[in-house]
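Structural features, examined
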Amino acid sequence: MATSRDLLLLLLLGQAWAGTGADPEAVVCAGTACYTAHWDKLTATEAQHHCSVNGGNLATVKSEEEAQHVQRALAQLLESQKSREAKMGKFWIGLQREKGKCLDPNKPLKGFSWVGGGEDSLYTNWHKEVKHSCISNRCVSLLLDLSLTPLPSRLPKWSDGPCGTPGFPGSNIEGFVCKFSFKGMCRPLALGGPGQVTYSTPFQATTSSLEAVPFASVANVACEDGAESKSHYFLCKEKAPEVFNWGNTGPLCVSPKYGCNFNNGGCQQDCFEGGDGSFRCGCRPGFRLLDDLVTCASRNPCSSSPCQGKATCVPGPHEKDYTCRCPQGFRLDSSQLDCVDVDECQEAPCAQECVNTPGGFHCKCWVGYTPGGPEEETCWDVDECALGHSPCAQRCINTDGSFHCSCEEGYVLSGEDSTQCEDVDECSDPRGNPCDSLCFNTEGSFYCGCLRGWELAPDGVSCIMSPVPSGSPSGPPQEEDMADTEGSTLPSTTTSSFPKDSENTSKGTATTRRPSLSSNAPTTSALLEMSAPSGAPGTWTEPNTHLPIAVAGHGKAADENSVATQSDSGTDGQKLLLFYILGTVVAISLLLALALGLLVYRKRRAKKEEIKEKKPQSAADSYSWVPERAESRALENQYSPTPGTDC
């Protein structure tokens, strides 16, 4: 019954392939797959459709061995047309990247994937850097010099580009390569005499030269026996799990005329002739003859090295079978002949970060942590604030995996990494002056002061009128006398110091001491306050060389029970004194100028009045009239020595 079914299948397959009229193609079969190369200017989508119609996909190139199989198929294709011009040609393979999926430079395939599915491969052979374009589909082709025969040492490079549109397959696209996978392969049929074998494969390829024939292929054997030809049909079938053969025994087309002289009688190893012109096949020591009476197999199933890569072959019971085993950190792939890496990081064996490696893994700790031991499975926090290693200028607070800095009161964080502290100038606070009158900034603090005739209130901020007269010294007599005697520019002042805490501020007490103005104090605002006090009662007096000022310091870094002390500096006092001296000189100069101007004016006015008095009113103003005399007297001799006489 089985024989009838096989014959019916042969007839149907023979009719199907007889009508195809397909030209011989470039076909290479190895392992469990066949590769076909085709000339045709198609887009990547059209080429994939052509392969899928026959049960395959555009070829994958997942290993160097597979790249060599594809190269052999392309070499056969190029040999069929040796007269082609010298130029670079491209052949589609099944590596593509969809629109919207961008480049992933951390992966070997750069974000591309095989159209037939399966795991990403580690083997790559890129011609140049892959473009970052994500706005269109990208497809990969093999780049060949069509004038050269491909060599095993010169595998085709990968080139990515547009997938083409109907009518425009793409630049330099010459064809494509398909791949067809099978569950098993049969050995090629052996001929013991003259004849021809033609194989018709399930993917519509017809050829006479195959190193392995895929399952379900039909073999047409035409024997030549003189003028008479005989044809035989055979089907590659699965005799047992993973065992495939043609179902025939003995060499085909045997002839007593040739014996073992033609193709070694069709035997794989040894051929033994009989006396009547017959012959039989045999095997060498360590091998055994299989059921087809032609093929020899090793008695040690691992002698042919069936396992690949890192896998090792282990013979089974009675040396009839074998299994492949992988080293630690690897597992068998789908073919059960090779090994692939196990990603141990999928099981999260590390406390923080896991890095997978071929055959193993190792753990890493995040920044701010250190491995907890030789096993590297735990991570301990690094104390960045440890003594002698603190990166902060003042206070360092360690956190889990990190740290942060803080400053004492009166300072703020600064620097690019916020590890330094700089002083806060409270006297320049845009929200307002913390003091009612004078404010003096110090390193990490400040203190308040008052003009002459005023003293600090118990709150250390506001000023109240001093009960001591303005002309009297505000401090102890001995200190005032000493200041006057020594020519001090800053007489004694009444000062008060208070802690910054609000509760202690209201309870502060006044103390008497001689302050010096800090060199860090903002003197500009202080001078303005002193030169023009607003709203302060009393009478303003002209500035002199002595400037009594009442000040109170405000400590910031002290605790609630500590009392802040005033910060003194002679430099700012000298500046204030110089300012008032200059003011006095300017005022005196103005008064002198005014007096001089008035004097000049009065002199000029007096001179004008004097000139006016001396000015003549007429021509006779410089003369005087002689008194008139009687006419009788006029007739008298004016020369007479005696009046009334003539001589």
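Cut-offs applied
Residues numbered from 1 in each chain as written. Predicted model: local features only at pLDDT ≥ 70, side-chain atom pairs only at ≥ 80, totals over all residues. Heavy atoms only, no water. pLDDT = per-residue confidence, 0-100. Helix = DSSP H or I, 4+ residues; strand = E, 2+ residues; numbered from the N terminus. Contact = heavy atoms within 4.5 Å. Expected span 1.5 Å × (residues − 1). Buried < 20%, exposed > 50% of the residue type's maximum accessible area, 1.4 Å probe, protein only. Salt bridge = Lys/Arg side-chain N within 4 Å of Asp/Glu carboxyl O. Pairing = 2+ DSSP bridges. UniProt positions renumbered as here; feature names shortened; annotations may be inferred. Patch = residues over 30% accessible without salt bridge, like charges linked within 9 Å, V, L, I, M, F, W, Y side chains within 5 Å. Areas by Shrake-Rupley, 256 points an atom, 1.4 Å probe, with all protein chains shown as cover. Phe/Tyr/Trp six-rings, centres within 6.5 Å; stacked < 30°, edge-to-face > 60°. Core = buried A, V, L, I, M, F, W, Y, C linked by side-chain atoms within 4.5 Å. Disulfide = S-S within 2.5 Å.

**Observations concerning the confidence of the model for the chain**
Considering every residue of the chain, the mean pLDDT works out to 75; 71% of them sit at 70 or more. Mean pLDDT in the chain bottoms out at strand S39 (residues 510-513), which sits at 32, and peaks at strand S3 (residues 57-58), which reaches 95. Under a pLDDT of 50 for its full length, residues 1-23 has, in the predicted model, 17 contacts with residues more than four places off or in other chains. Low confidence marks residues 628-647, where pLDDT is under 50. Its contacts with residues over four positions away, or in another chain, come to five contacts.

**What to know about helix H3 (residues 64-79)**
The terminal C-alpha atoms of H3, which comprises 16 residues, lie 22 Å apart, in line with the 22 Å expected from a rise of 1.5 Å per residue. Taken as a whole, H3 has its buried residues at Glu66, Ala67, His69, Val70, Gln71, Ala73, Leu74, Ala75, Leu77 and Leu78. The inward-facing, buried residues of H3 abut strand S1 (26-30), strand S2 (33-39), strand S4 (88-97), strand S6 (138-145) and strand S8 (173-181).

**Things to note about the pattern of salt bridges**
Oppositely charged side chains can form a pair if their charged atoms are brought close together. With the rule as written, the count across this model stands at eight salt bridges. Among the ionic pairs, Glu174 bridges to Lys87, the shortest N-O distance being 3.0 Å. Here Glu174, found in strand S8, pairs with Lys87, found in the loop between H3 and S4; they are 87 residues apart in sequence, far enough to count as distant. By relative accessible area, Glu174 is classed as buried at 4%. Assessed through its relative accessible area of 30%, Lys87 is described here as partly exposed. We note a salt bridge from Arg431 to Asp429, for which the minimum N-O separation is 3.0 Å. Looking at Arg431, the relative accessible area reads 77%, which means it is exposed.

**Quick look at the pairing of strand S30 (residues 402-406)**
Bridging between strand S29 (residues 395-399) and S30 involves five bridges; their strand directions are antiparallel. If you follow Arg395 over to S30, its bridge partner there is Ser406. Connecting S29 to the next strand, S30, in antiparallel fashion are two residues, including Gly401 with a positive phi near 85 degrees.

**Points about the UniProt feature "transmembrane region" (unreviewed entry) in the chain**
On the UniProt side, "transmembrane region" (unreviewed entry) is annotated at positions that read residues 577-601 here. For residues 577-601, helix accounts for 100% and strand for 0%, while the C-alpha atoms at its two ends are 36 Å apart.

**Overview of unusual backbone geometry**
Its identity as a non-glycine residue notwithstanding, Cys253 has a phi of 60 degrees, on the positive side. With respect to the helices and strands, Cys253 occurs in the loop between strand S16 (243-245) and strand S17 (270-273). Look at Gln336: it is not a glycine, yet its phi comes out positive at around 60 degrees. You can see Gln336 is positioned in the loop between strand S23 (330-332) and strand S24 (339-341).

**Observations regarding the environment of Leu290**
Within the secondary structure, Leu290 sits in the loop between strand S19 (287-289) and strand S20 (296-298). The sequence separation of Leu290 and Thr249 amounts to 41 residues, and the corresponding C-alpha distance is 9.5 Å. Dropping the residues within four chain positions of it, Leu290 is found in contact with Thr295 and Ala297.

**Some remarks on a nonpolar patch on the surface**
There is a patch of nonpolar side chains on the surface, built from Leu596, Leu599 and Val600 and spanning about 250 Å² of accessible area. Along the chain, Val600 falls in helix H7 (residues 570-614).

**Some remarks on the packing of aromatic side chains**
The relation between two aromatic rings is expressed through the spacing of the ring centres and the mutual angle of the planes. Enumeration over the complete set of coordinates arrives at 13 aromatic pairs. Taking 6.0 Å as the distance between ring centres and 75 degrees as the angle between the ring planes, the aromatic pair formed by Tyr123 and Trp158 counts as edge-to-face. Of this pair, Tyr123 sits in the loop between strand S5 (113-114) and S6 while Trp158 sits in strand S7 (residues 157-162), placing them 35 residues apart in sequence. Summarising the burial analysis for this pair, Tyr123 and Trp158 share the class buried. The interplanar angle of 55 degrees and the centroid separation of 5.8 Å between the aromatic rings of Tyr258 and Phe262 together place this pair among those described as tilted. You can call Tyr258 partly exposed: its relative accessible area is 30%.

**Considerations on the pairing of strand S34 (residues 445-450)**
Each regular strand shows side chains that alternate between the opposite faces of the sheet. With six of six residues buried, S34 lies mostly within the body of the structure. Neither face of S34 is open: one carries Ser445, Tyr447 and Gly449, the other Phe446, Cys448 and Cys450, and all of them are buried. Pairing analysis gives five bridges linking strand S33 (residues 438-442) to S34, with the strands arranged antiparallel. Bridge assignment links Leu438 to a residue of S34, and that residue is Gly449.

**With respect to the nonpolar core**
One finds Trp92, Phe176, Leu189, Tyr199, Val221 and Trp246 to be the most contacted residues of the largest nonpolar core, which totals 36 residues. Leave out the neighbours within four places in its chain, and Val221 touches Leu189, Leu191, Gln196, Val197, Lys230, Ser231, His232, Phe234, Leu252 and Cys253.

**Quick look at the state of the cysteines**
Under the definition given, this model contains 21 disulfides. A sulfur-sulfur separation of 1.9 Å characterises the disulfide bridge that pairs Cys102 with Cys134. Here Cys134 lies in the loop between S5 and S6 and Cys102 lies in the loop between S4 and S5, a separation of 32 residues in the sequence. Cys102 sits in the partly exposed class, given a relative accessible area of 41%. Note that Cys283 is cross-linked by a disulfide to Cys296, the S-S spacing being 1.9 Å. Between Cys283 and Cys296 the sulfur-sulfur dihedral comes to about -95 degrees; the bridge is accordingly left-handed. Taken together, the residues Cys283 in the loop between strand S18 (279-282) and S19 and Cys296 in strand S20 connect sequence positions 13 residues apart. Of the residues examined, Cys283 reaches a relative accessible area of 21% and is grouped as partly exposed.

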